[in-house]
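Here are the chains, one letter per residue:
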Amino acid sequence: MYNIYLLIFKRAYDSVLGDTLLKCMEEFKIPTKLINMCKACVQKTRSVVRIEGTLSYFSENKTGLKKDDPLSPILFNLALQKVIQSIKMVPSGIKIGKEQLNVLAYADDIALMGKK
């Protein structure tokens, strides 16, 4: 018999802070050039809304990753990988109480699976 636990992140991409993400990238030894390119995509971005041809004022996006950006799932996973690594790891997953669980993660979907 197996137990499966699904973790749901509310506003997952909004929860990733740019500085934290860049620090994770450095810790994973991602090349500086790639880090700088990602920095340009996640820091100091602005949004504008067009309604019937009229543009609103620009507003600065202060936190999080852009929802429709193709890089967002990858960058979110990178930050999440740091969290998963910080959990007490055992050879085939993580241990919560007496239960040993395997972790599957993609974007903001995480499943913890273990034998009962």
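Residues numbered from 1 in each chain as written. Predicted model: local features only at pLDDT ≥ 70, side-chain atom pairs only at ≥ 80, totals over all residues. Heavy atoms only, no water.

**Description of a nonpolar patch on the surface**
Here's step 1: Residues Ile 4, Leu 6 and Ile 8 make up a contiguous nonpolar surface patch of about 380 Å² in total accessible area.
Here's step 2: On the secondary structure map, Ile 8 appears in strand S1 (residues 2-8).
Here's step 3: A relative accessible area of 72% means that Ile 8 is categorised as exposed. (Patch = residues over 30% accessible without salt bridge, like charges linked within 9 Å, V, L, I, M, F, W, Y side chains within 5 Å. Areas by Shrake-Rupley, 256 points an atom, 1.4 Å probe, with all protein chains shown as cover. Salt bridge = Lys/Arg side-chain N within 4 Å of Asp/Glu carboxyl O. Helix = DSSP H or I, 4+ residues; strand = E, 2+ residues; numbered from the N terminus. Buried < 20%, exposed > 50% of the residue type's maximum accessible area, 1.4 Å probe, protein only.)

**Considering the pattern of salt bridges**
Here's step 1: Counting across every chain of the model gives 1 salt bridge.
Here's step 2: For Glu 27, the salt bridge is made with Lys 82, and the minimal N-O distance between the two is 2.6 Å. Of this pair, Glu 27 sits in helix H1 (residues 18-27) while Lys 82 sits in helix H3 (residues 72-86), placing them 55 residues apart in sequence.
Here's step 3: The exposure class of Glu 27 is partly exposed, given its relative accessible area of 39%.

**Some words on the nonpolar core**
Here's step 1: Ranked by size, the top nonpolar core spans 19 residues in total, and within it Val 16, Leu 21, Met 25, Leu 65, Leu 75 and Phe 76 carry the most contacts.
Here's step 2: Within the residue set of this core, elements represented by two or more residues are H1, helix H2 (32-42), H3 and strand S9 (109-115).
Here's step 3: Sort the elements by how many residues they give to this core and H3 lands first, with 6 residues.
Here's step 4: Leu 21 has contacts with Val 16, Val 42, Leu 65, Leu 75, Leu 78 and Ala 79, leaving out every residue within four places of it along the chain. (Core = buried A, V, L, I, M, F, W, Y, C linked by side-chain atoms within 4.5 Å. Contact = heavy atoms within 4.5 Å.)

**Regarding the environment of Leu 6**
Here's step 1: With respect to the helices and strands, the residue Leu 6 is situated in strand S1.
Here's step 2: Once the C-alpha coordinates of Leu 6 and Ile 110 are considered, the two residues, 104 residues apart in sequence, prove to be 5.8 Å apart.
Here's step 3: Ignoring anything within four residues of it in the chain, the contact list for Leu 6 reads Ile 110 and Ala 111.

**Here's the deal with H1**
Here's step 1: Within H1, the full set of buried residues consists of Leu 21, Leu 22, Cys 24 and Met 25. Down the axis of H1, the buried side of the element spans an arc of 155°, and every buried residue falls inside it. Those residues of H1 that are exposed and aimed more than 90 degrees away from the buried face are Asp 19, Lys 23 and Glu 26.
Here's step 2: For H1, the elements touching its buried residues are H2 and H3. (Arc of directions from axis to C-beta.)

**Focus: H3**
Here's step 1: The first and last C-alpha atoms of H3 sit 21 Å apart over 15 residues, in line with the 21 Å expected at 1.5 Å per residue.
Here's step 2: What H3 keeps buried is the set Ser 72, Pro 73, Leu 75, Phe 76, Leu 78, Ala 79, Leu 80 and Ile 84. (Expected span 1.5 Å × (residues − 1).)

**Here's the deal with the environment of Cys 41**
Here's step 1: Following the sequence through the fold, Cys 41 ends up in helix H2.
Here's step 2: Separated by 28 residues in sequence, Cys 41 and Asp 69 have C-alpha atoms that sit 9.2 Å apart.
Here's step 3: Leaving out residues up to four positions away in the same chain, Cys 41 has contacts with Lys 66 and Leu 71.

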